Amino acid sequence: MTAPHPLSPAMAPTGRLRASINLGNPLLANRHPATGQPFGVSVDLAHQLAQRLGVGIELVVFDTAGQSVAAVKTGAADVGFFAIDPLRGEGIAFTAPYVLIEGSYLVRNESPLQGNDEVDRPGTRVTVGKGSAYDLFLTRELRHAQIVRAASSQAVVDEFLRQGLEVAAGVRQQLEHDQQRHPGLRLLPGRFMVIQQAMGLPSDRGADAARYLHGFVEDMKASGSVAASLNQHGIQGASVAPAATAP
């Protein structure tokens, strides 16, 4: 471990970087089936940030994005990995995105729906993970379809099937995985949104800390570290976000 960075007291006031890890997005974090330990792109970035700051690391793991966001907003965690959304902006300073992720719709094979633009109609019920980026986005965008919220992103397709709903929405890779578990389902072509996945820290940590975190993310993209992590974990359906200027 290197000597502590001058900003480490602001970014890791307990002496350890408490990183909020959201297991609700399988492209970015999962638990190892044998050890139960979290791994993934978010975990890799958290370790690299702690190393740069010269502090230890503590992974604070949650099953949903809402819980992960709340941990950072309340100061129970020092940094987190979130989809950028206006409703999450209060109390959190976001970096520019480090990856872009596609959001897709899943329907039954016999569904009359053929395109994303056909979903927002009266009588269509769309299930999403409660508090997820998809929930926040579709709550703003859908005018006619009804939103049904599952307990988590992983539970979306099971809830969709249990209630006999018309559409399931979420991370394309998660939906593809659920497609394998439940024959008779198909993805609508294309995507209904692109999620900008970023890092964030409590706003009250100060402008210098926010700038440092922004610079860290840009370094991780430019150096190829984000791309290498995506490749190492076999992630498809996500791409490295383009470079961004300083805030």
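Just so it is clear, the model here is predicted, and its values are computed rather than measured.

1. Section: the pairing of strand β8 (residues 125-129)
Thought 1: Judged by how many residues are buried, β8 sits mostly within the fold: four of five residues are covered.
Thought 2: Alignment of β8 against strand β9 (residues 146-150), held across five bridges, turns out to be parallel. Along β9, the bridge assignment pairs V126 with I147.
Thought 3: Of the crossover connections in this fold, the one passing from β8 over helix α4 (residues 133-141) to the parallel β9 is right-handed.
Thought 4: The sheet contact formed by β8 and strand β10 (residues 167-171) spans two bridges and is parallel. Looking at the pairing, T127 lines up with A168 of β10.

2. Overview of the layout of surface pockets
Thought 1: There is about 190 Å³ of room inside the largest pocket.
Thought 2: Lining the largest pocket are L23, P26, A29, N30, R31, D63, Q154, Q173, Q174 and H177.
Thought 3: Mapped by element, the contributors of at least two residues to the lining of the largest pocket are β2 (30-31) and α6 (172-181).
Thought 4: No other element matches α6, which puts three residues into the lining of the largest pocket.

3. Topic: the pattern of salt bridges
Thought 1: For the coordinates displayed, the defined rule picks out 13 salt bridges.
Thought 2: A salt bridge links D219 to R52, with the nearest nitrogen and oxygen atoms 3.0 Å apart. With a gap of 167 residues between them, D219 in helix α7 (residues 207-222) and R52 in helix α2 (residues 41-53) connect regions that are remote in the sequence.
Thought 3: For R52, a relative accessible area of 35% translates into the label partly exposed.
Thought 4: The partner of D135 in a salt bridge is R149, with the nearest N and O atoms 2.9 Å apart.

4. So, α2
Thought 1: For α2, built from 13 residues, the straight-helix expectation of 18 Å at 1.5 Å per residue is met to within 8% by its first-to-last C-alpha distance of 19 Å.
Thought 2: Residues of α2 that are buried: V41, S42, V43, D44, L45, A46, L49, A50 and L53.

5. Considering the environment of G66
Thought 1: As for its position among the elements, G66 is in helix α3 (residues 65-73).
Thought 2: Taking the C-alpha atoms as reference points, G66 and N22, 44 residues apart in sequence, are found 8.8 Å from one another.

What counts and how
- Residues numbered from 1 in each chain as written.
- Predicted model: local features only at pLDDT ≥ 70, side-chain atom pairs only at ≥ 80, totals over all residues.
- Heavy atoms only, no water.
- Buried < 20%, exposed > 50% of the residue type's maximum accessible area, 1.4 Å probe, protein only.
- Helix = DSSP H or I, 4+ residues; strand = E, 2+ residues; numbered from the N terminus.
- Pairing = 2+ DSSP bridges.
- Right-handed = clockwise from strand over helix to strand, strands pointing away.
- 1 Å grid on protein atoms, 1.4 Å probe; cavity = no way out; pocket = protein on both sides within 12 Å on 5 of 7 lines; lining within 4 Å.
- Points joined across faces, edges and corners; volume = space filled by probe spheres on them.
- Salt bridge = Lys/Arg side-chain N within 4 Å of Asp/Glu carboxyl O.
- Expected span 1.5 Å × (residues − 1).

Honestly, it's all geometry; don't read function into it.
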